[in-house]
Amino acid sequence: MTIRFISTRGDATEKTFTEVLLSGMAPDGGLYVPVQWPSIDVRALDGLSYADIAFRVMQPFVEGEIPDDDLRSIIAEVYDRNFDHKAVAPLVQLDSSLWVMELFHGPTIAFKDYALQLLGRLFDYVLEKRGERVTIVGATSGDTGSAAIEACKTCRNIDIFILHPEGRTSEVQRKQMTTVDSPNVFNIALQGNFDDCQNAVILDS
């Protein structure tokens, strides 16, 4: 069954996963959610690797849009290659009843790597199949921009422009955004704060 998606504000037409992937937010300003949520047996996920769990959870949402073998290959490639811990997001026990999940094992040490690394690869896969190219324009206060750049820097069908407030990110984040040597990555420092960067993106779009 192919799941379709609707806007949380209810004024946008239903879309497929691929259409949602390429459109971002709904034209009415809402977020896309499934018309019907699939049922997932979480007990069946016990003992599986991070990549296998990710496939089991995501597959119902993209069924009919991306073949299972391709989706499984993309997920395995992202989480086996781009994260420096075998468990990807390991649980570390602090005491008898307290555990912490470590979400800093991605390329930029930000938790956003976990979603954006996969998103960049899905973008590139879908765009390649459609023979299309997109330009992504975003604003950041630091970690989102570096994670998005890192996710898209090897994508053949994406140009990415990231705006950040000059002097208002950490030095590590600034270097992560401004030292990537890829022809499809463009980083722009604006005088002002994050809201100024965000407003520039909204006005441009």
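Owing to the predicted nature of the structure, the values given are computational and were not obtained by experimental measurement. (Residues numbered from 1 in each chain as written. Predicted model: local features only at pLDDT ≥ 70, side-chain atom pairs only at ≥ 80, totals over all residues. Heavy atoms only, no water.)

Undergrad: Can you walk me through the packing of aromatic side chains in this structure?
TA: To describe a pair of aromatic rings, you give the distance between the ring centres and the angle between the ring planes. According to the stated counting rule, one finds six aromatic pairs in the structure shown. Each ring, one from Tyr50 and one from Tyr79, has its centre 4.9 Å from the other, and the planes form 65 degrees; the classification is edge-to-face. Placement of the pair is Tyr50 in helix α2 (residues 50-62) and Tyr79 in helix α3 (residues 68-81), with a sequence separation of 29 residues. Consider the rings of Tyr79 and Phe83, whose centres lie 5.4 Å apart with planes at 35 degrees: the pair is tilted. Exposure remark for Tyr79: the relative accessible area of 4% places this residue in the buried category. Taken together, the ring pairs in this structure connect Tyr50, Tyr79, Phe83 and Tyr114 into an aromatic cluster. The ring of Phe55 is capped by Arg72, whose NZ or CZ atom sits 3.9 Å from the centre of that ring. (Phe/Tyr/Trp six-rings, centres within 6.5 Å; stacked < 30°, edge-to-face > 60°. Helix = DSSP H or I, 4+ residues; strand = E, 2+ residues; numbered from the N terminus. Buried < 20%, exposed > 50% of the residue type's maximum accessible area, 1.4 Å probe, protein only. Lys NZ or Arg CZ within 6 Å of the ring centre and 35° of its normal.)

Undergrad: Looking at this model, I keep getting lost on unusual backbone geometry. Mind explaining?
TA: Most peptide bonds are trans, and most residues other than glycine sit at a negative phi. Phi is positive for Val88, which is not a glycine, with a value near 70 degrees. Positive phi values are uncommon outside glycine, yet Ile109 reaches one of about 70 degrees. In this fold, Ile109 is placed in the loop between β4 (98-101) and α4 (113-130). For Ile109, a relative accessible area of 54% gives the class exposed.

Undergrad: So what exactly am I meant to see when it comes to the pairing of β4 here?
TA: Note on strand geometry: in a regular strand, side chains alternate between the two faces of the sheet. Examined bridge by bridge, strand β3 (residues 91-95) and β4 share four bridges and lie antiparallel to one another. Among the inter-strand pairings, Asp95 is bridged to a residue of β4, identified as Leu98. Adjacent in sequence and paired antiparallel, β3 and β4 are bridged by two residues. (Pairing = 2+ DSSP bridges.)

Undergrad: Hey, could you run me through the sheet that holds strand β5 (residues 134-139) in this one?
TA: By way of backbone hydrogen bonds, the strands of a sheet pair with one another, either parallel or antiparallel. Strand order in the open sheet formed by three strands is β5-β6-β7, and the pairing between neighbours is parallel. Looking at which strands have only one partner, the edges of the open sheet turn out to be β5 and β7 (185-190). Adjacent strand axes in the sheet meet at a mean angle of 15 degrees when their direction is disregarded. Pairing of β5 with strand β6 (residues 158-165), which is carried by six bridges, proceeds in the parallel orientation. Considered in β6, the bridge of Gly138 is made with Ile162. The strands that helix α6 (residues 171-178) touches are β6 and β7; relative to β6, the one it contacts most, it runs at about 150 degrees. (Axes fitted to C-alpha atoms, helices over the stretch in contact; angles between N-to-C directions. Contact = heavy atoms within 4.5 Å.)

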